[in-house]
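Spelled out, the chains give:
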Amino acid sequence: MTYADLVFVNGRVMTMDSTSPMATAVAVRESLITYVGTDATTLIGPSTEVVDLRGRILLPGINDSHLHGCAYGLGKPPFSVDVALGSIAAVRAAVAEEVRRKQPGEWISGNGWNCDHFAECAGDARRRPTADDLDEVAPDNPVLLQDFSGHATWANSRAMEIAGVGGRGILHDGDQALVQRAAPPVTADVRRQVLREVVAEVNREGITSFTEPGLGPGGDSSFGGAMGTSVLSSYADLARAGDLTARVSVLGLASSLSGASAADTRTYLSSLPDLHGVAPRLVRLAGVKVFADGIPPSETAWMRQKYPSGGYGSLCTHGHTEELREEELTEILRLVHTAGLQAGVHVTGSRGIDAVVDSLATVAREHPHPKARHYVIHGQFASPSALATLATLGYGINFQPGIQHLTSDLVREMFGDEVADTEWPARSAIDTGVMTACSSDAPVTAPNWRAGVRSLVSRVAQGSGRVSGAAERITMEEALRTYTVNGAWQDHADDWKGSVTVGKVADLCLSGASAAQDLTSAPVEMTVFNGKVVHSTV
């Protein structure tokens, strides 16, 4: 008799396997699930570890399919000052405290500010953070403060002087690199330390897989190199050393956050990173990240609706006209597609999404590839026609429900009720047949899938507490699928992970909840990765 190494009994197993959705017992041997059913008694031997679930819910390991791991880790203390605060005055005080701990001339980094949450900005629509706000408390230390979204940097005059740039202190999207690249690079040892800590944290959340959505030369000068080529090397080092307890899918980043070009893409594709000696089920280069536009708060998403300032945003690919930028977008996607790689396209604006989907359709028509699985990242204002085209192509969409929770009041203020009630259209995407995965976009929101599921089911706005678009709610089970088997589909890995199914890898998440409605509030009590317990409070 071959006994199991690990057996779970007396539980509620939500398998996410449509052929057998519920079970009470699961057995694991080595790295694989060997039994899913109601009675695993015969598989329990003298050395088998038995976990009595006592009615608690066992899920597949969570797949956070858009999580900037290195940027998330570097954006927290002790590497970065927490400036997710309620006023400019509070940020100034936090920076002043850090100055007292630093030597003159040392760089100060911070993360998390949001001018929509600053009391000074709420009282005066024209008030925005400036370099002057930081200069008084940090005259001799260069200061770089990353906003919550990753799309804006607040710098003081000393940092801009060192970087050789002018302005009032706020830089957006790709322009952030002008000042960020002046900061000292993070060492390889620090990167590995950060990644170990991040992986341990996501394990505590039940996460066993995540996507690093953009590592490459386009990120070498951004966020302390947290989106640079060297980060992929650090993940590979951890995998080779046996220190990586999460599966990491990576999108390469050929161009910066603004100014994506076909030339950069060709160069990147001509010399892809070498992952020799790394198990592909641990770290793999899945495809290429393409920035097509920006985000609504900075008025850089390409919208059909007019911004309060009067503009519409635009694509951020190379070109002096919208027509040229659309042509460049299509060529970039053609290069990725014909290289046999997956395209993950950052696009949020209503007009931008239509342009991306049209380009994807053009490329698919000219170069058929039924297993491409390209996907739209964010897709905040996706139209019914765009969703229909994605479904027809067999492509996906990746939503961030935590951002909907965080910003829906702002969207309502900017564009009105109809737009706010139809943004992040999860219900419409699923009903249309688009493979829908969800994620945190950490560090924009914390890597907490339970909060994401809660937002998908409730669509309650953080600020006002009002329901924003009840028609786009989805069910608990559908929401759980977006964080498990649908993420595995995005990874081209749904045949070996993403559900509690015999033969798949033993990546599991044990919740403290006994009822599905309690999943979003109960703690994660155990995480199993590749058949081994990597987190436990039981």
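Residues numbered from 1 in each chain as written. Predicted model: local features only at pLDDT ≥ 70, side-chain atom pairs only at ≥ 80, totals over all residues. Heavy atoms only, no water.

A. Spatial organisation of the sheet that holds strand β14 (residues 207-215). Within the open sheet, the eight strands sit side by side as β8-β14-β15-β16-β17-β18-β19-β20. Their pairing is parallel. Every other strand in the sheet has two partners, leaving β8 (62-64) and β20 (435-438) as the edge strands with one partner each. When the angles between neighbouring strand axes are averaged without regard to direction, this sheet yields 25°. Sheet strands touched by helix α8 (residues 229-240): β14, β15 (247-253) and β16 (283-291). Its angle to β14, the strand with the most contacts, is close to 150°. (Pairing = 2+ DSSP bridges. Helix = DSSP H or I, 4+ residues; strand = E, 2+ residues; numbered from the N terminus. Axes fitted to C-alpha atoms, helices over the stretch in contact; angles between N-to-C directions. Contact = heavy atoms within 4.5 Å.)

B. Focus on the sheet that holds strand β23 (residues 532-536). Ordered by their spatial adjacency, six strands build an open sheet running β3-β2-β7-β21-β22-β23, and the pairing between neighbours is mixed. The open sheet has two edge strands with one neighbour each: β3 (22-23) and β23. Bridge count for strand β2 (residues 12-14) against strand β7 (residues 57-60) is two bridges, and the pairing is parallel. Across the sheet, residue Arg12 finds its bridge partner in β7, namely Ile57.

C. Representation of the pairing of strand β12 (residues 152-155). Burial of β12 is two-sided: the residues Ala152 and Trp154 facing one way and the residues Thr153 and Ala155 facing the other way are all buried. As defined by bridge partners, strand β11 (residues 143-147) adjoins β12 across three bridges and the pair is classed as antiparallel. Its bridge partner lying in β12, Gln146 is registered against Thr153. Adjacent in sequence and paired antiparallel, β11 and β12 are bridged by four residues, among which Gly150 carries a positive phi angle near 80°. Bridge count between β12 and strand β13 (residues 170-172): three bridges; the pairing is antiparallel. The partner of Thr153 across the bridge, within β13, is Leu171. (Buried < 20%, exposed > 50% of the residue type's maximum accessible area, 1.4 Å probe, protein only.)

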